[in-house]
Amino acid sequence: MRVSRPVLVARLLELDAAGALTSAHVRAGAQAGGVNVRTVWRWLEAARTEGRMERRPRARLELSDRAWEVLAQAGGNVAVLHRHLKAAGEEVPSLASLYRVVHRDLQAGRVLPDRAVVRREWEEHQTRQALADLALASLRETGAAKAAAARSARGPL
């Protein structure tokens, strides 16, 4: 039976606090944990200096919501997402890493938005932006037209 890392480190720290920790304890702990003696010493050092008895958490690659939208627009095609990220000049992981991240998140319950819904939202956004741009352009034109009308009302110079 293997002893878990937190249990082993906690017990060895108790012995260390009592001043009773010996190399024999560490060797026995390494054998019980199924690891090398040097590994147990590193665990103890990490517990003393960092207060950490568990493994150091690994950095995980996460996709932004925008990346998931691009993936949905591409119908779940990860290669299209990879090309999009490259074209955008963003830091791009390998294609294999992207596949693993997408698969991991989908297995964990992330739902890929429906392609039609995402496309419709994008088109609505584009339409709203175009209307806003036209409204600004018409205001500028109106101002220019008023200035031209005022000049013509003054008559020739």
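Residues numbered from 1 in each chain as written. Predicted model: local features only at pLDDT ≥ 70, side-chain atom pairs only at ≥ 80, totals over all residues. Heavy atoms only, no water.

## Side note on the pattern of salt bridges
1) Next: Evaluation of the coordinates by the stated rule reveals ten salt bridges.
2) Next: With its nearest N and O atoms 3.0 Å apart, the salt bridge here joins R11 to E14. A residue pair is termed a helical-turn pair when its members lie 3 or 4 positions apart in one helix, as R11 and E14 do in helix α1 (residues 5-17) at three residues.
3) Next: Its relative accessible area of 45% is what places R11 among the partly exposed residues.
4) Next: Note that R52 and E50 form a salt bridge whose closest N and O atoms lie 2.8 Å from each other.
5) Next: On the basis of relative accessible area, R52 is assigned to the buried category, the value being 17%.
6) Next: By relative accessible area, which is 45% here, E50 ends up partly exposed. (Salt bridge = Lys/Arg side-chain N within 4 Å of Asp/Glu carboxyl O. Helix = DSSP H or I, 4+ residues; strand = E, 2+ residues; numbered from the N terminus. Buried < 20%, exposed > 50% of the residue type's maximum accessible area, 1.4 Å probe, protein only.)

## Regarding the side chain of R52
1) Next: Inspection of the secondary structure assignment puts R52 in the loop between α3 (37-50) and α4 (65-73).
2) Next: A polar atom in the side chain of R52 sits 2.8 Å from the side chain of E50.
3) Next: A distance of 3.1 Å separates a polar side-chain atom of R52 from the backbone oxygen of E54.
4) Next: Beyond its immediate chain neighbours, meaning those up to four positions away, R52 contacts R5, W43, A46 and A47. (Polar contact = N/O pair within 3.5 Å; in protein donor to acceptor, adjacent residues only side chain to side chain. Contact = heavy atoms within 4.5 Å.)

## A word on helix α6 (residues 95-107)
1) Next: Its 13 residues place the ends of α6 18 Å apart at the C-alpha level, agreeing with the 18 Å of an ideal helix rising 1.5 Å per residue.
2) Next: Within the span of α6, buried status applies to S97, L98, V101, V102 and D105. Looking straight down α6, one finds that the buried residues subtend no more than 130° of arc, so they occupy a single side. Turned more than 90 degrees away from the buried face of α6 sit R100, H103 and Q107, all of them exposed.
3) Next: Contacts made by the buried residues of α6 are with α4 and α5 (78-87).
4) Next: With its phi angle positive at about 115°, G109 sits one or two positions after the end of α6. (Expected span 1.5 Å × (residues − 1). Arc of directions from axis to C-beta.)

## Comments concerning the packing of α1 against α3
1) Next: Put simply, α1 and α3 touch, their axes get as near as 10 Å, and they point 70° apart. Taken together, α1 and α3 sit at an angle that is classed as roughly perpendicular. Listed contacts from α3 to R5, L8, V9, L12, L13 and D16 of α1 are V40, W43, L44, A47 and R48. (Axes fitted to C-alpha atoms, helices over the stretch in contact; angles between N-to-C directions. Parallel < 35°, antiparallel > 145°, perpendicular 65-115°, else oblique.)

## Some remarks on the confidence of the model for the protein chain
1) Next: Chain-level pLDDT for the protein chain is 84 on average; 86% of the residues reach the 70-or-more range.
2) Next: The secondary structure element of the protein chain with the lowest average pLDDT is helix α7 (residues 115-154), at 72, and the one with the highest is α5, at 94. (pLDDT = per-residue confidence, 0-100.)

## Observations concerning helix α2 (residues 23-33)
1) Next: Listing the buried residues of α2 in full gives V26, G29, A30 and G33. Taken down its axis, α2 places every buried residue within 100° of arc, on the same side.
2) Next: The inward-facing, buried residues of α2 contact α1 and α3.
3) Next: Looking at the residues trailing α2, positive phi occurs at G34, about 70°.

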